[in-house]
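Coordinate inspection notes
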Amino acid sequence: MRKFAIIVAAGSGTRMGNETPKQFLLLRGKPILYYSLRAFLDAYDDLEIILVLPEAHIEAGKEIAQSTGAQQRIQFTSGGDTRYQSVKNGLSLVKHPSIVFVHDGVRCMVSQELIRRCYITAAEKGNAIPAVTAAESIRIESTDKNESIDRRQVKIIQTPQTFHSELLRAAFEQNYEENFTDEAAVVEKSGIRIHLVEGDLSNIKITLPADLLLAEHLLPS
Ligand code: C5P
């Protein structure tokens, strides 16, 4: 099946305490986004990328795409105010029934094994969402108390969240809701059962300065 990766990188990244959105910060001399693009380009020769960027950074994104040497496989669009809108903009460029990976531009440590694992399950079952089990103890807080819960039941969700394009397109016809923090939530709301696949603890979302240091160490040399 045809394969598209919608790489969402249209966030402002303010938690990093930096003017530059975090997807453009350098890791071993190259922008974070470069490694995310590279992982998908290398996973499948026939995969095409749709890169969703802030309007003001499209030119910078094009330069990064050029540095991969595979710019002919990469299209660009601008993002929206929410991740939901950014994905919707990217999805409008998927013109063929295909398997669509939606990936956070800042998860530059994603492995080819994980990308392939997601593809296989999504091709068979319609969707594949990578998840890892919580390593910390977990408590749920309500207005007047907090309670311990079994952490083995808590799954931390990663990307690439992977879907048959038509199932994703139908789900994105729904009106935006505030709890649509990922694509699995949107698809689930449309009545589809979500299939979890084993994620990868190294597939970190670079959010805070400490994540950048960790990624410097984890990146294969
Ligand atoms: O803000 P958060 O860390 O959840 O962002 C996850 C990913 O979604 C990031 O790669 C970010 O650039 C992207 N995003 C986007 N458009 C938005 C908000 C976030 O593409 N409006």
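Turning our eyes to something else, we now look at the site of the ligand. In the neighbourhood of the ligand, 16 residues make up the surrounding shell, with Val 8, Ala 10, Gly 11, Gly 80 and Ser 86 lying closest. Side-chain polar atom of Lys 205 to an oxygen atom of the ligand: 3.2 Å apart, as the coordinates give it. Of the residues contributing to the shell around the ligand, the split by class is four nonpolar, six polar and six charged.

Right, let's get into the packing of aromatic side chains. A complete count under the given rule lists eight aromatic pairs for this structure. Arranged with centres 5.4 Å apart and planes meeting at 90°, the rings of Tyr 34 and Tyr 35 form a pair that is edge-to-face. With relative accessibility at 15%, the residue Tyr 35 sits in the buried group. With a centroid separation of 5.3 Å and an interplanar angle of 50°, the aromatic rings of Tyr 44 and Tyr 119 are classed as tilted. Of this pair, Tyr 44 sits in the loop between helix H1 (32-43) and strand S4 (47-53) while Tyr 119 sits in helix H4 (residues 112-125), and the two are 75 residues apart along the sequence. Both residues of the pair, Tyr 44 and Tyr 119, count as buried. Linked through ring pairs, Phe 40, Tyr 44, Phe 101 and Tyr 119 together constitute an aromatic cluster. The ring of Tyr 34 is capped by Lys 30, whose NZ or CZ atom sits 5.1 Å from the centre of that ring. Lying over the aromatic face of Tyr 44, Arg 116 brings its terminal NZ or CZ to 5.8 Å of the ring centre.

Attention shifts here to H1. Here H1 spans 17 Å end to end across 12 residues, near enough to the 16 Å set by a 1.5 Å rise per residue. Taken across its 12 residues, H1 has 10 buried, putting it largely inside the fold. Among all positions of H1, only Ile 32, Leu 33, Tyr 34, Tyr 35, Ser 36, Leu 37, Ala 39, Phe 40, Leu 41 and Ala 43 are buried.

Calculation rules
Starting afresh in each chain, residues are numbered from 1 along the sequence in its written order. Local features in a predicted model are, by the rule used here, given only for residues with pLDDT of at least 70; side-chain atom pairs are given and counted only at 80 or more, and totals for whole chains, interfaces and linings are based on all residues. Hydrogens and waters are ignored; side-chain quantities use all the structure's heavy atoms. To be near a molecule or strand, a residue needs just one of its heavy atoms within 4 Å of it. Polar contact is the term for a pair of N or O atoms within 3.5 Å; when the atoms are in protein, one must be able to donate a hydrogen and the other to accept it, and sequence-neighboring residues count only if both atoms are side-chain atoms. When residues are sorted by character, Ala, Val, Leu, Ile, Met, Phe, Trp, Tyr, Cys and Pro go into the nonpolar class, Asp, Glu, Lys and Arg into the charged class, and all the rest, Gly among them, into the polar class. Aromatic contacts are taken between Phe, Tyr and Trp rings whose centres are within 6.5 Å, Trp giving its six-membered ring; a plane angle under 30 degrees counts as stacked, one over 60 as edge-to-face, and the others as tilted. The classification of residues rests on relative accessible area computed with a 1.4 Å probe and restricted to protein chains. Under 20% of the type maximum is buried, over 50% is exposed, and intermediate values are partly exposed. Each helix is a run of DSSP H or I of at least 4 residues and each strand a run of E of at least 2, with the numbering of both proceeding from the N terminus. Working rule: Lys NZ or Arg CZ, within 6 Å of ring centre, within 35 degrees of ring normal, means a charge sits over the ring. Given a helix with a known number of residues, its expected span is that number minus one, times 1.5 Å.

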